[in-house]
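Chain and residue survey
The chain contents come next:
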Amino acid sequence: MFHNNMVYKGYRLTANVSRIAVGGSGRPAFTATVAVELAADQDKLNEHHAVPLFASGGFVSSPGMAVDAAINHGRLVVDSHARPA
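Since this is a predicted model, take the numbers as computed values, not measurements.

Parameters at a glance
Residues numbered from 1 in each chain as written. Predicted model: local features only at pLDDT ≥ 70, side-chain atom pairs only at ≥ 80, totals over all residues. Heavy atoms only, no water. Pairing = 2+ DSSP bridges. Helix = DSSP H or I, 4+ residues; strand = E, 2+ residues; numbered from the N terminus. Axes fitted to C-alpha atoms, helices over the stretch in contact; angles between N-to-C directions. pLDDT = per-residue confidence, 0-100. Core = buried A, V, L, I, M, F, W, Y, C linked by side-chain atoms within 4.5 Å. Buried < 20%, exposed > 50% of the residue type's maximum accessible area, 1.4 Å probe, protein only. Contact = heavy atoms within 4.5 Å.

Strand order across the open sheet formed by four strands is E1-E2-E3-E4, with antiparallel pairing between neighbours. Both edges of this open sheet fall to strand E1 (5–8) and strand E4 (47–50), since each of them pairs with a single strand only. Taken pair by pair, the neighbouring strands of this sheet meet at an average axis angle of 30°, ignoring direction. By the bridge criterion, four bridges tie strand E3 (residues 29–38) to E4 in an arrangement that is antiparallel. What sits directly across from Thr 33, in E4, is Ala 50.

So, in structure tokens, the structure goes:
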């Protein structure tokens with residue numbers, strides 16, 4: 001089983017994986033988005049972010065690779081958020 005979420009710098013990152021069909025190849029293909037929310041947020045008002053690799057038409061061959069790409073992008077999103085002083 002793949003873990004599709006983690007806490008990073010106080011934010012919960014959750015990958016949402018989708019299986020897609022790729023031009024009749026018959027091979028599995030996967031994409032993902034990532035939700036970013038404060039880990040302590042009880043209201044679960046999360047932001048969904050497209051992963052650039054998948055938004056540009058790319059895909060990967062396993063759900064684990066899709067989760068990794070989404071979580072890595074989520075880390076970049078968190079790192080780019082301005083922290084209050």
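In this model, the chain carries an average pLDDT of 88, and 87% of its residues clear a pLDDT of 70 or more. In the model of the chain, E4 stands out as the element of lowest mean pLDDT, 88, in contrast to helix H1 (residues 52–55), which has the highest, 96.

A separate point is the nonpolar core. With 18 residues, the main nonpolar core has Leu 13, Val 36, Phe 54, Ala 66, Ala 70 and Val 78 as its most contacted residues. The set of elements that each furnish at least two residues to this core consists of strand E2 (11–20), E3 and helix H2 (63–80). Here Ala 70 is in contact with Ala 15, Ala 32, Thr 33, Val 34 and Val 51, once residues within four sequence places are set aside.

Below, the discussion takes up the side chain of His 73. Mapping His 73 onto the fold places it in helix H2. You can call His 73 buried: its relative accessible area is 16%. When residues no more than four places from it in sequence are discounted, the contact partners of His 73 are Val 34, His 49, Ala 50, Val 51 and Pro 52.

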